[in-house]
Each structure stands twice: as C-alpha cells, then as structure tokens.
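Here is what each chain is made of, one letter per residue.
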Amino acid sequence: YAISAARNYLSTKHLRNLYNTLIHPHLTYGCLLWGTADKIHLHTLEVIQKKSIRTICKVKYNSPTNALYQTQKMLKLEDIYNLQVAKFMYQHSTGQLPIPLYRHFIKNTHIHTHNTRHKDDFHIKAMSNTKSLKSLLYIGPMKWLSISNTAKLARSTTQFVNTMKRRYLDNYCH
C-alpha cells in the first residue's frame, strides 16, 4: 500500500500526510455508527493503523506503538471514536447540531426539578440489553459525564477537540 511503498522516499512528515489523506478519513467517516462494533470486526482496522504508524516512524514491524502514537500526535482507533462521541455531545450541548437530534438527548432538568449535582447533565436512559448499551443514546451521555468541566467550557469546537485529543494522547505513555 502507498505508505509502505513511499517509506524509503518520503520523510516522516510526508508519510504522516499520506496517512491523514488516505487512511484517517476512512477511520473517522461514519465512526459514530460503526465505532461500537465488536472488537473482532474492528481488529483489521486496528492492525492497518498500527502498521501505518510503524511505517511512518520507520520502526520494526513489531515495535510497541503507544509512544509512536503520542510522538506523532495521532489517536488510536478507539480514541478516534471516543473523540467523535465527545465532539458530538459538545456540539449538542452548545446548540450546533440539527434540530431533529435534540429530542434524543435531554438534560436532567427536563426530567425533574431536584437540585442535584448532575441536574445540568444529559439524562441517561435505562437500557435493557447489551446492544442498547453500545448505542450512541447511552454512550453519548456516559462519555459526557466523564469529561472534565474545564473541557466542557471550551469556547469553540476546535478548542474542545484539541483539549480532548491532548487528554487521550497523554494516556498513551502512562
């Protein structure tokens, strides 16, 4: 494939540009829909991504990848999905999504009037089966709860995404 073929001719920077052009868009497109698929179905994508990062960094085929992802400032497949969910929920909370999507996620203040610490958070619906627990309707509010208030107060989507990306990258070497 293209990145491997160009490994001996291009710099790391240019190989990363190839990755961002040829592979990354496929990993992000529709990620909110297919990102909760079983691990066995995502394994091929993870393998391709790991091969790509090793090729970009010009290291051996079996080198550990966590530090490589961090130095190249590239997210793993799982964190690409997590970032997309977090971004979706941020856009929802700041009124940037199409109106029909708002009825799927409601705040606790619309459910009850109790003054609780989570009154301004999204209501998490009770789910009865495993497939429901993997839906965006459940994962979105759960992800939003795990995000720091500092990140939630970002002034723009770009600032929010950059903050969250740094958070994910920082976890790779810990």
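Up top you'll find the structure we're talking about.
Residues numbered from 1 in each chain as written. Predicted model: local features only at pLDDT ≥ 70, side-chain atom pairs only at ≥ 80, totals over all residues. Heavy atoms only, no water.

1. Digging into the overall build of the chain
Spelled out, the test is: The secondary structure listing takes helices from DSSP runs of H or I that are at least 4 residues long and strands from runs of E that are at least 2 residues long, numbered from the N terminus. Each residue is assigned to one of three classes by its accessible area relative to the maximum for its type, calculated with a 1.4 Å probe on protein chains only: buried under 20%, partly exposed between the two thresholds, exposed over 50%. In these tables, accessible area is a Shrake-Rupley quantity obtained with a 1.4 Å probe, and a residue counts as shielded only by the protein chains included in the view. When charges are counted, neither His nor the chain ends are considered; positive counts come from Lys and Arg and negative counts from Asp and Glu. Taken as the charge location is NZ of Lys, CZ of Arg, CG of Asp or CD of Glu.
Scanning the chain for helices and strands turns up eleven helices and zero strands. Moving toward the C terminus, one meets the helices and strands of the chain in the order α-α-α-α-α-α-α-α-α-α-α. By principal-axis analysis of the C-alpha atoms, the chain measures approximately 65 × 35 × 30 Å. When each of the 174 residues of the chain is scored for burial, the buried share is 33%. For the chain, the accessible area works out to roughly 10,900 Å², and carbon and sulfur atoms hold 56% of it. Positive and negative side-chain charges in the chain, numbering 25 and 7 respectively, have mean positions lying 7 Å apart.

2. Observations concerning the nonpolar core
Applicable threshold: Take the buried Ala, Val, Leu, Ile, Met, Phe, Trp, Tyr and Cys residues and link them wherever side-chain atoms come within 4.5 Å; each set so joined is a nonpolar core.
The biggest cluster of nonpolar side chains holds 38 residues, and the ones touching the most others in it are Tyr19, Leu75, Trp144, Ile147, Phe160 and Met164. The set of elements that each furnish at least two residues to this core consists of helix H1 (2-6), helix H2 (12-22), helix H5 (39-57), helix H6 (66-72), helix H7 (77-93), helix H9 (136-146) and helix H11 (157-170). Among the elements that take part in this core, H7 stands out by supplying nine residues, more than any other.

3. Here we look at unusual backbone geometry
A negative phi angle is the norm for most residues apart from glycine, just as the trans form is the norm for most peptide bonds. Its identity as a non-glycine residue notwithstanding, Lys58 has a phi of 55 degrees, on the positive side. Relative to the helices and strands, Lys58 is located in the loop between H5 and H6. Under the relative-accessibility criterion, Lys58 is labelled partly exposed at 38%. With a phi close to 55 degrees, Lys73 is a non-glycine residue in the positive phi region. Its location among the elements puts Lys73 in the loop between H6 and H7. Overall, the relative accessible area of 56% leaves Lys73 in the exposed class.

4. Considerations on the environment of Ile53
Defined as follows: Residues count as neighbours in contact if any of their non-hydrogen atoms are within 4.5 Å of one another.
Mapped onto the secondary structure, Ile53 falls in helix H5. Taking the C-alpha atoms as reference points, Ile53 and Ala151, 98 residues apart in sequence, are found 28 Å from one another. Every residue in contact with Ile53, bar those within four places of it in the chain, is listed here: Thr65, Leu68, Tyr69, Gln72 and Met74.

5. A few points about the side chain of His92
You can see His92 is positioned in helix H7. With residues near it in sequence (within four places) discarded, His92 still touches Leu97, Leu101, Tyr102, Phe105 and Phe122.

6. Here's the deal with the environment of Cys31
Its location among the elements puts Cys31 in helix H4 (residues 31-34). Cys31 gets classed as buried once you look at its relative accessible area, which sits at 1%. The sequence separation of Cys31 and Asn82 amounts to 51 residues, and the corresponding C-alpha distance is 9.4 Å. The contacts of Cys31, once residues within four sequence positions are left out, are Ile80, Tyr81 and Gln84.

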